[in-house]
Amino acid sequence: MKLLVTGGAGFIGSNFIRYIFQQHPDWQVANLDRLSYAGNLENLKDIEKRTGYSFVKGDITDRATVDGILKEGYDGVVNFAAESHVDRSILDASPFVDTNFKGTQVMLEGAREHGVKRFLQVSTDEVYGSRGEGYFTEESPLDPSSPYSASKAAADLMCLAYHKTHGLPVMITRCTNNYGPYQFPEKLIPLVISNAAEDMTIPIYGDGQNRRDWIYVEDHCRALEAVLLKGRAGQVYNIAGGQEKPNLDLVKLLLKLMGKPESLITFVKDRPAHDRRYAIDCGKIERELGWKPLYTIEKAMAATVDWYLANGPWWRNIKSGEYQEYYTRMYGGR
Ligand code: NAD
Ligand code: TYD
């Protein structure tokens, strides 16, 4: 298969490209990434010279760039490219509208014009909003709370409109919170590990009782592969790790794995419109495509901690750049 991956220099995209080459060594994968603050070619150092892999630095909002690539003829597109951090969307929503909504529409239009056979939109469970009890299914209404999740929900609707209007074979996946190697240290797990490694305080928003479902990134990649190969066009598939935890419990677990004291925890001002709980039912992908998660938190969290501890130069390099300004703005430099 000849695949165009967008946002492949980010966290999940780079794990996905690595996973695809392990499973399908004969596939061709082009990676289109604008290398935003979150894009990092270090994430693909082991892949960059591989036969079948190519990298294009470019923006998915730019029609000419997208056309220039897609006219070469691709079987599939996997659209990861996004602004992905809720807190940054609260500071400034504009890049989220540009990349997540407009960029997705440019990708859809390019795919339509150039006859792409499979278009996979990598979306999030956050489009459903918060849920006190029970689980959202693919039929649940969209009720996003943050500018990030609103921009992803808008993109989902545009994808479905391209399927209905133009017959474009689009599939959408909505996954829960990922963890694993190469995650940018603005997100909770790598932020906690990298701060704790340097005995810095760990900021917990509000009372720490917000709950997230955590999935190991490799399980997500395997689900994306299944949807890309076997998913039905026009369908949405929820993907969950089945590992729900309050933030405070998760942070305590990470500190325990690292042998660091709980006294590092500092409760800080809550995030505006902070979703209390994300919870989705992923029975559809299990039934239709035979996918289920293989990793539990117990199995994969220790390996994740080990990866960050063994790759200090990777996150220290990130933390010495633009990140410092962001961190000071968010957390007051603590
Ligand atoms: P990330 O922020 O680590 O990576 C995003 C990548 O997209 C970066 O490499 C960045 O340079 C690139 N990019 C941004 N704007 C671009 C543009 N205009 N053109 C080209 N490239 C651009 O994000 P991630 O955590 O890897 O998430 C990837 C996708 O998965 C996103 O669409 C996100 O909404 C979705 N998702 C993430 C999670 C999660 O837990 N991280 C969960 C569910 C869904
Ligand atoms: P995050 O990793 O930003 O993912 P999302 O908001 O997309 O779920 O945050 C995960 C949870 O951790 C969320 O409830 C917010 C919380 N959180 C903190 O308490 N402190 C932090 O410093 C960060 C980044 C997140």
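Just so it is clear, the structure is predicted and the values come from calculations on it, not from any experiment. (Residues numbered from 1 in each chain as written. Chains lettered and ligands numbered in written order. Predicted model: local features only at pLDDT ≥ 70, side-chain atom pairs only at ≥ 80, totals over all residues. Heavy atoms only, no water.)

> Explain the environment of Met 107 residue by residue, including any values.
Inspection of the secondary structure assignment puts Met 107 in helix α4 (residues 94-113). Among the residues examined, Met 107 registers a relative accessible area of 0% and is labelled buried. Sequence separation between Met 107 and Phe 119 is 12 residues; the distance between their C-alpha atoms is 9.1 Å. The residues contacting Met 107, other than those within four sequence positions of it, are Leu 4, Thr 6, Ile 60, Val 66, Leu 70, Val 77, Asn 79 and Phe 119. (Helix = DSSP H or I, 4+ residues; strand = E, 2+ residues; numbered from the N terminus. Buried < 20%, exposed > 50% of the residue type's maximum accessible area, 1.4 Å probe, protein only. Contact = heavy atoms within 4.5 Å.)

> Describe the pattern of salt bridges, with residues and values.
Enumeration according to the criterion identifies 20 salt bridges in this entry. A salt bridge links Arg 63 to Asp 67, with the nearest nitrogen and oxygen atoms 3.3 Å apart. Here Asp 67 and Arg 63 lie together in helix α2 (residues 63-70), a separation of 4 residues that amounts to about one turn. One salt bridge in this structure joins Glu 113 and Arg 63, with 2.7 Å as the shortest N-O distance. Of this pair, Glu 113 sits in helix α4 while Arg 63 sits in helix α2; the two residues are 50 residues apart in sequence, bridging distant segments of the chain. Glu 113 sits in the partly exposed class, given a relative accessible area of 48%. (Salt bridge = Lys/Arg side-chain N within 4 Å of Asp/Glu carboxyl O.)

> So, the site of ligand 2: which residues are in play, and what are the values?
Taken together, 17 residues sit near ligand 2, with Glu 126, Arg 212, Arg 271, His 274 and Tyr 331 positioned nearest. The backbone of Pro 203 places a nitrogen or oxygen atom 2.8 Å from a nitrogen atom of ligand 2. Here Tyr 205 contributes a backbone N or O atom positioned 2.9 Å from an oxygen atom of ligand 2. When isolated, ligand 2 has an accessible area of 510 Å², and the protein chains bury 97% of it. The biggest single contributor to the shell around ligand 2 is strand β8 (residues 202-205), with 3 residues. Each residue belonging to the shell around ligand 2 can be placed in one class, and the counts come to 7 nonpolar, 5 polar and 5 charged. (Near = heavy atom within 4 Å. Polar contact = N/O pair within 3.5 Å; in protein donor to acceptor, adjacent residues only side chain to side chain. Areas by Shrake-Rupley, 256 points an atom, 1.4 Å probe, with all protein chains shown as cover. Nonpolar A, V, L, I, M, F, W, Y, C, P; charged D, E, K, R; others polar.)

> So what about the site of ligand 1? Which residues, and what values?
Residues in contact with ligand 1 amount to 28 residues; listed here are only the nearest, Ile 12, Asp 33, Ser 84, Tyr 148 and Lys 152. Between Ile 12 and ligand 1, the recorded distance is 2.8 Å, taken from a backbone N or O atom to an oxygen atom. At 3.4 Å from an oxygen atom of ligand 1 is found a main-chain nitrogen or oxygen belonging to Val 122. Within the complex, 97% of the 840 Å² of free accessible area of ligand 1 lies under protein. Among the elements of the structure, α1 (11-23), β5 (118-124), α5 (147-166) and β7 (177-179) are those that each provide at least two residues to the shell around ligand 1. By residue number, the principal contributor to the shell around ligand 1 is β5, which donates 3 residues. Its residues assigned to classes, the shell around ligand 1 comprises 12 nonpolar, 12 polar and 4 charged.

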